[in-house]
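Survey of secondary and tertiary structure
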Amino acid sequence: MNSIKNVPARVLSRRPGHSLEAEREQFDKTQAISISKAINSQEAPVKEKHARRIILGTHHEKGAFTFWSYAIGLPLPSSSILSWKFCHVLHKVLRDGHPNVLHDCQRYRSNIREIGDLWGHLRDQYGHLVNIYTKLLLTKISFHLKHPQFPAGLEVTDEVLEKAAGTDVNNIFQLTVEMFDYMDCELKLSESVFRQLNTAIAVSQMSSGQCRLAPLIQVIQDCSHLYHYTVKLMFKLHSCLPADTLQGHRDRFHEQFHSLKNFFRRAADMLYFKRLIQIPRLPEGPPNFLRASALAEHIKPVVVIPEEAPEEEEPENLIEISSGPPTGEPVVVADLFDQTFGPPNGSVKDDRDLQIENLKREVETLRAELEKIKMEAQQYISQLKGQVNSLEAELEEQRKQKQKALVDNEQLRHELAQLKAVQLEGARNQGLREEAERKASATEARYSKLKEKHNELINTHAELLRKNADTAKQLTVTQQSQEEVARVKEQLAFQMEQVRRESEMKMEEQSDQLEKLRRELAAKAGELAQAQEALSRTEQESREQGLRQRLLDEQFAVLRSAAAEAEAMLQDSVSKLDDPLHLRCTSSPDYLVSRAQAALDTVSALEKGHAQYLASSEDASALVAALTRFSHLASDTIVNGGATSHLAPTDPADRLIDTCRECGARALELMGQLQDRTALPRAQPSLMRAPLQGILKLGQDLKPKSLDVRQEELGAMVDKEMAATSAAIEDAVRRIEDMMNQARHESSGVKLEVNERILNSCTDLMKAIRLLVMTSTSLQKEIVESGRGAATQQEFYAKNSRWTEGLISASKAVGWGATQLVESADKVVLHMGKYEELIVCSHEIAASTAQLVAASKVKADKHSPHLSRLQECSRTVNERAASVVASTKSGQEQIEDRDTMDFSGLSLIKLKKQEMETQVRVLELEKTLEAERVRLGELRKQHYVLAGVMGTPSEEEPSRPSPAPRSGAIKKPPLAQKPSIAPKQDNQLDKKDGVYPAQLVNY
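These numbers were taken from a predicted model, which means no experiment stands behind them.

As a further point, take the overall build of the chain. The number of helices and strands found in the chain is 28 helices and zero strands. Every one of the 1003 residues in the chain was classed for burial, and the buried ones make up 38%. In the chain, the share of contacts with a sequence separation of at least 24, taken over all contacts with a separation of at least 6, comes to 80%. Of the roughly 57400 Å² of accessible surface on the chain, a fraction of 53% belongs to carbon and sulfur atoms.

Right, let's get into the pattern of salt bridges. If the charged atoms of two oppositely charged side chains come close together, the side chains can form a pair. If you walk through the whole model with that rule in mind, you get 29 salt bridges. Residues Asp181 and Arg252 are paired through a salt bridge, measuring 2.5 Å at the closest nitrogen-oxygen approach. Here Asp181, found in helix H10 (residues 169-199), pairs with Arg252, found in helix H13 (residues 247-268); they are 71 residues apart in sequence, far enough to count as distant. Judged by its relative accessible area of 24%, Arg252 is partly exposed. Linked by salt bridges that have partners in common, Arg24, Asp28 and Glu61 make up one network.

A separate point is the nonpolar core. Side chains that are nonpolar tend, in soluble globular proteins, to be buried together. Formed by 88 residues in total, the largest nonpolar core has its most connected members in Phe67, Phe263 and Phe273. Among residues more than four places away in sequence, those in contact with Phe273 are Leu213, Leu216, Ile217, Ile220, Ala267 and Ile279. Membership of the second largest hydrophobic core comes to 46 residues, among which are Ile758, Cys762, Phe796 and Ala846.

To continue, consider a negative patch on the surface. Together, Glu508, Glu509, Asp512 and Glu515 give the surface a local cluster of negative charge. Checked against the element boundaries, Glu509 lands in helix H17 (residues 482-575).

Relative to each other, helix H3 (residues 48-61) and helix H5 (residues 80-96) sit at 45°, their axes nearing to 10 Å. What the angle tells us is that H3 and H5 run oblique. Considering how the two elements wind past one another, H3 and H5 form a crossing that is right-handed. On the side of H3, the interface is formed by Glu48, Ala51, Ile54, Ile55, Thr58 and His59, while H5 contributes Val89, Lys92, Val93 and Asp96.

This next bit is on the packing of aromatic side chains. One pass over the structure, following the stated rule, counts 17 aromatic pairs. Plain terms: the ring middles of Tyr272 and Phe273 are 5.4 Å apart, the flat faces sit at 70° to each other, and that makes the pair edge-to-face. The ring of Phe556 carries the charged tip of Arg677 above its face, separated from the ring centre by 4.4 Å.

What follows covers the packing of H5 against helix H8 (residues 125-146). Two quantities define a packed helix pair, namely the angle between the axes and the distance from one axis to the other. Direction vectors running N to C along H5 and H8 enclose 20°, while the axes themselves pass 9 Å from each other. Considering their axes alone, H5 and H8 lie roughly parallel with respect to each other. Crossing handedness for the pair H5 and H8: left-handed. Between H5 and H8, the residues in contact are Ser80, Ile81, Ser83, Trp84, Cys87, His88, Leu90, His91, Leu94 and Arg95 and Tyr126, Gly127, Leu129, Val130, Tyr133, Thr134, Leu136, Leu137, Lys140 and Ile141, respectively. Along the lines of polarity and charge, the residues of the contact of H5 with H8 split into twelve nonpolar, six polar and two charged.

Moving on, we get to the side chain of Thr659. Along the polypeptide, Thr659 turns up in helix H20 (residues 650-675). A residue is classified by how much of its surface remains accessible, and Thr659, at 14% relative accessible area, is buried. Each residue touching Thr659, except ones within four places of it in the same chain, is listed here: Pro691, Gly694, Ile695 and Leu698.

Here we take up the environment of Lys834. With respect to the element layout, Lys834 can be found in the loop between helix H25 (801-829) and helix H26 (835-857). Considered as a pair, Lys834 and Ser824 are ten residues apart in the sequence and their alpha carbons are 7.7 Å apart.

Turning next to unusual backbone geometry. Its identity is not glycine, yet Lys62 carries a phi of approximately 60°, on the positive side. Note that Lys62 resides in the loop between H3 and helix H4 (65-71). For Leu154, which is not glycine, the phi dihedral falls at a positive 65°. Structurally, Leu154 can be placed in the loop between H8 and helix H9 (158-165). For Leu154, a relative accessible area of 0% puts it in the buried group.

Moving on, we come to the environment of Gln894. Topologically, Gln894 is positioned in helix H27 (residues 865-895). Note on Gln894: relative accessible area 39%, which makes it partly exposed. Spatially, the C-alpha atoms of Gln894 and Glu753 are 9.9 Å apart, while their sequence positions differ by 141 residues.

The next point concerns the environment of Met179. Assignment of secondary structure puts Met179 in helix H10. According to the relative accessible area criterion, Met179 is buried, its value standing at 0%. Taking the C-alpha atoms as reference points, Met179 and Tyr229, separated by 50 residues in sequence, lie 8.2 Å from one another. In this structure Met179 touches Phe143, Phe150, Leu161, Leu226, Tyr229, Thr230 and Leu233, once residues within four positions along its chain are discounted.

Okay, the confidence of the model for the chain next. Any residue range with low pLDDT should be treated as having predicted coordinates unsuitable for detailed reading. Mean pLDDT over the chain works out to 77, with 79% of the residues at or above the 70 mark. Within the chain, the lowest mean pLDDT, 37, falls on helix H1 (residues 2-14), and the highest, 92, falls on H5. Scored below 50 in pLDDT, residues 309-348 shows 36 contacts in the model against residues more than four places distant or in partner chains. This stretch, residues 706-712, has a pLDDT under 50; its non-local contacts, to residues over four places away or in other chains, come to 17 contacts.

Another aspect to go through is the state of the cysteines. Taken as a whole and judged by the stated rule, the model has zero disulfides. For Cys663, which is in no disulfide, the shortest distance to another cysteine sulfur is to Cys660 and amounts to 7.0 Å. Considering cysteine sulfurs only, Cys841 is the nearest to Cys762, which forms no disulfide, with 9.3 Å between them. For Cys762, a relative accessible area of 0% translates into the label buried.

Rules of the game
- Residues numbered from 1 in each chain as written.
- Predicted model: local features only at pLDDT ≥ 70, side-chain atom pairs only at ≥ 80, totals over all residues.
- Heavy atoms only, no water.
- Helix = DSSP H or I, 4+ residues; strand = E, 2+ residues; numbered from the N terminus.
- Buried < 20%, exposed > 50% of the residue type's maximum accessible area, 1.4 Å probe, protein only.
- Contact = heavy atoms within 4.5 Å.
- Areas by Shrake-Rupley, 256 points an atom, 1.4 Å probe, with all protein chains shown as cover.
- Salt bridge = Lys/Arg side-chain N within 4 Å of Asp/Glu carboxyl O.
- Core = buried A, V, L, I, M, F, W, Y, C linked by side-chain atoms within 4.5 Å.
- Patch = residues over 30% accessible without salt bridge, like charges linked within 9 Å, V, L, I, M, F, W, Y side chains within 5 Å.
- Lys, Arg positive; Asp, Glu negative; His and termini not counted.
- Charge placed at Lys NZ, Arg CZ, Asp CG, Glu CD.
- Axes fitted to C-alpha atoms, helices over the stretch in contact; angles between N-to-C directions.
- Parallel < 35°, antiparallel > 145°, perpendicular 65-115°, else oblique.
- Left-handed = near helix turned anticlockwise from the far one by under 90°.
- Phe/Tyr/Trp six-rings, centres within 6.5 Å; stacked < 30°, edge-to-face > 60°.
- Lys NZ or Arg CZ within 6 Å of the ring centre and 35° of its normal.
- Nonpolar A, V, L, I, M, F, W, Y, C, P; charged D, E, K, R; others polar.
- pLDDT = per-residue confidence, 0-100.
- Disulfide = S-S within 2.5 Å.

Written out as structure tokens, the structure is:
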């Protein structure tokens, strides 16, 4: 009994219930780490392992409560990349997470919408993508909540699709329209991503490109299912309704089909997708819905995701797969507990239950082994595919090297033939030399023999002389032999003379032959030396010619590369003239004139560099430098020419656009000639003068004519306007505080909360503007005290009159914007105004403060601490303006009544009637919208003209601000163009004449 009593204590100490809190804490910690690693501000794609852990966490807790508890605290408004990766992770969680994730995400629809609207207003590159992505996610959540038959992964059988569509043709019609809307959101996101990659000239192997391309994997999976379902539904509709009734459906399907096919083709060509997803191929043409038998020809597109290799450090399992206990000890304790107290709740397990549990465990084990085998097979397939790709790349490289080796071999063969010819010539000369040497040696031998013969003759002659002496002695002894002696004497004398003559003749002949052979030998030796010298000279010339040709090729390659880059830049600039996204960009004539004049000045340098390169092709540095500067200036001139024409009168704008197109065409023709070696001498850079001079003249004609202001009054006007602006902001802050106190007494509940949030954001914005104005005043004092060309403040402002007028215009715009914001907020609090007015005023204040910052930066030192503080204040104002916009939109959504539509009591005829009335109302509103857009364009043109004529305000109204700007439009001050909320840094300010140039503005 003592042992039995001790059993519960041991069981309780070992039961896993005591570790639930620690397990939950570990789970929260793991989820927090995975979310922070997956959703960060680094421009890199989301790692699959972190997303997988988040998805497993949703299955573990059967929902997305933990995910949203951490995600709601992320600083999404501070980084567009962070918001983009949040949308990517949320998309993966919706697709692969637990089914309850959809209902959890439904509660946070307003947060998703706020993030999208915020980044949509700020016009950031990633912000634009975030705006589109949030709309897709909201559409996805709404669709799946409305049609629970379709899971978030969109993978259902044809029977489930038939059941979801039903037999009512109206339901089929509505479901098809909703799937079309769903597909439009998916395709719009893919087109926006590819458009940004083309603009940044980005590739799929860079981290920035992969960060944008990674969410398209889920888009491809969704689009493949949606395409299959729309095809099925379209065939079903055509079997129930006439073909004329479904003409609009067919047109919309054809448009989506071509967009989807283009999307799949472009994605399949990218290396990034080839290792991550197998993209299906669509047929050449869309299905023919008018022929019912065409449904049998339809093939469902299947997307294959390769299984990834298991990682070395796998996270702990967040989903309990096996039903058995993890260790053996709790089983023993549980059995002992069951034996002692019986099974819980009186349930008794028999052998069949145990057998079923064992079989379940075996099935799970076999399933895990099967998954492991599949994973290993997929890993082997991926490795083999990678090896095949690497071998194909290596084969292609070997082919290139083989082709290059063949060309080099042909060149070496030609050089070897030349060297062999020279060597044969040298060998022939060497043979001639050896033959001459042999002849000379033979001649020497014959000469030595003749010399020996001559010595013998001399000895014989001496012997004969001795005999003659003996004979003479004998003649003196005897007189009898005198006749004989005389006869012998004559004979000997004759023989000696004959021998002497023959010897002299032979010696002369041998001497002539020897001399001739020596001359021939000397000639052959000279020819051999000349041949050797010619051979060495030929080798030296071939080496020098090869080096010179290599140098010429390198110089031309540099020139061609520079010309290709310039051509791409010019093509991009010319394409922006007709780009719909660029039609809302504007620029000032002053900046256009400065760019055109600078481009015109570089034409002379381009002509000089071209002439130098034609004279000596060994140095193309001057031509490349001139070409680079000319391409940048010409591209900038074309872009700003198109932007300037958007706010110019009709006739000058058309002439300016035509001149910019002509300039771009001539520049592209010049770039093409510079890339062709045969056409390079025919290039004429001087032809660029005429279109540039035309743009310069049109820009000078479009310059606004400002009203003459006495220069001695400019200094006083600057101080007065800055003081008036500060006073207006102080008054605005005071009025907002009064409105807040009044709203607390008159409102309650949701309205009070909305009004307080809006007024608090407006108060923060006013405080930020007041700090910016004070910092700008300090910066102006620093500029005047630095004494840039003026001894006093009045003289400085008078000398820089145009810059001063721009500063006055900017300060007036800030004061006017603050006043308008207070009035709009007052109307909104009293329920007499519109929320849209408050949003437009926030945009105008952000733009006006950016104009004031740009005007102050013109004369300021770039290392000035006041300038740094001013830029920081400008960024704060932008953030506060965005906060006002966000709070206004959130309040508007809370205040507005959203009545639920109840169609339960309506018949088919009444529904059709209300549908027709709604369509009529939509057409009327679209017509009104189009008319208002035309009116807005005319107002912008007239405002531009009046801004150029009026200049600064008259003296009768010194404190009255300039006219109210248009909603969402660009205010054109008399002497300066306001930059956007986030001005581009690459447009440098022109300090030559004291005027900062207009920047291209995107609202």
